[in-house]
Amino acid sequence: MYAIIRDSGRQFKVTEGQTVLVDERVAQVGDRIDFPEVLLYAAGEDVRIGTPLVENVTVTGEVTGLTKADKLTVFKRKRRKGSRTKAGHRQRYLEVVIREIKAT
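I will try to describe carefully the structure that is included in this document. (Residues numbered from 1 in each chain as written. Predicted model: local features only at pLDDT ≥ 70, side-chain atom pairs only at ≥ 80, totals over all residues. Heavy atoms only, no water.)

### Observations concerning the sheet that holds strand 1 (residues 2–7)
And then number 1: The strand order across the open sheet formed by 4 strands is 2-1-5-6, and the pairing between neighbours is antiparallel. Two strands close off the open sheet at either side, each with one partner strand: strand 2 (10–14) and strand 6 (46–49). For this sheet, the mean inter-axis angle between neighbouring strands, taken without regard to orientation, is 15°.
And then number 2: Taken together, the 5 bridges between strand 1 and strand 2 define a ladder with antiparallel strand orientation. Considered in strand 2, the bridge of Arg6 is made with Gln11. (Pairing = 2+ DSSP bridges. Helix = DSSP H or I, 4+ residues; strand = E, 2+ residues; numbered from the N terminus. Axes fitted to C-alpha atoms, helices over the stretch in contact; angles between N-to-C directions.)

Set out below in structure tokens:
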């Protein structure tokens with residue numbers, strides 16, 4: 001059984017017990033997060049494709065921690081001007097374990 005969900009403009013194919021990195025939001029470790037935007041649900045022969053969303057299917061996850069992505073270096077330079085700018089960025093993510101995919 002799996003589902004395809006949409007969160008923060010990105011799509012994830014999830015199964016129960018899988019860990020997913022989603023964009024950071026206000027949540028504590030152990031909090032429950034619901035993903036209401038289910039685009040596809042498949043369990044054996046029962047395949048439901050949303051137009052655009054599947055009704056009566058819920059995906060629930062539990063926050064297990066906060067993590068950061070690898071650091072990206074942003075370097076800008078203008079030729080012959082002596083202008084240089086160097087900056088870095090580390091995106092913060094929530095680790096979420098998918099606990100339940102429920103269809104009624």
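Continuing now.
### Comments concerning the environment of Ile5
And then number 1: Positionally, Ile5 belongs in strand 1.
And then number 2: Note on Ile5: relative accessible area 1%, which makes it buried.
And then number 3: Residues Ile5 and Arg80, spaced 75 residues apart in sequence, show a C-alpha to C-alpha distance of 48 Å. (Buried < 20%, exposed > 50% of the residue type's maximum accessible area, 1.4 Å probe, protein only.)

### A short note on the environment of Gln18
And then number 1: Residue placement: Gln18 occurs in the loop between strand 2 and strand 3 (19–23).
And then number 2: For Gln18, a relative accessible area of 27% corresponds to the partly exposed category.
And then number 3: When the C-alpha atoms of Gln18 and Leu40 are compared, they prove to be 17 Å apart, with 22 residues separating the residues in sequence.
And then number 4: Beyond its immediate stretch of four places on either side in the chain, Gln18 contacts Lys13, Val96, Val97 and Ile98.
And then number 5: At 3.4 Å, the side chain of Gln18 and the backbone oxygen of Lys13 are in polar contact. (Contact = heavy atoms within 4.5 Å. Polar contact = N/O pair within 3.5 Å; in protein donor to acceptor, adjacent residues only side chain to side chain.)

Interpretation in functional terms is not warranted from these geometric data alone.
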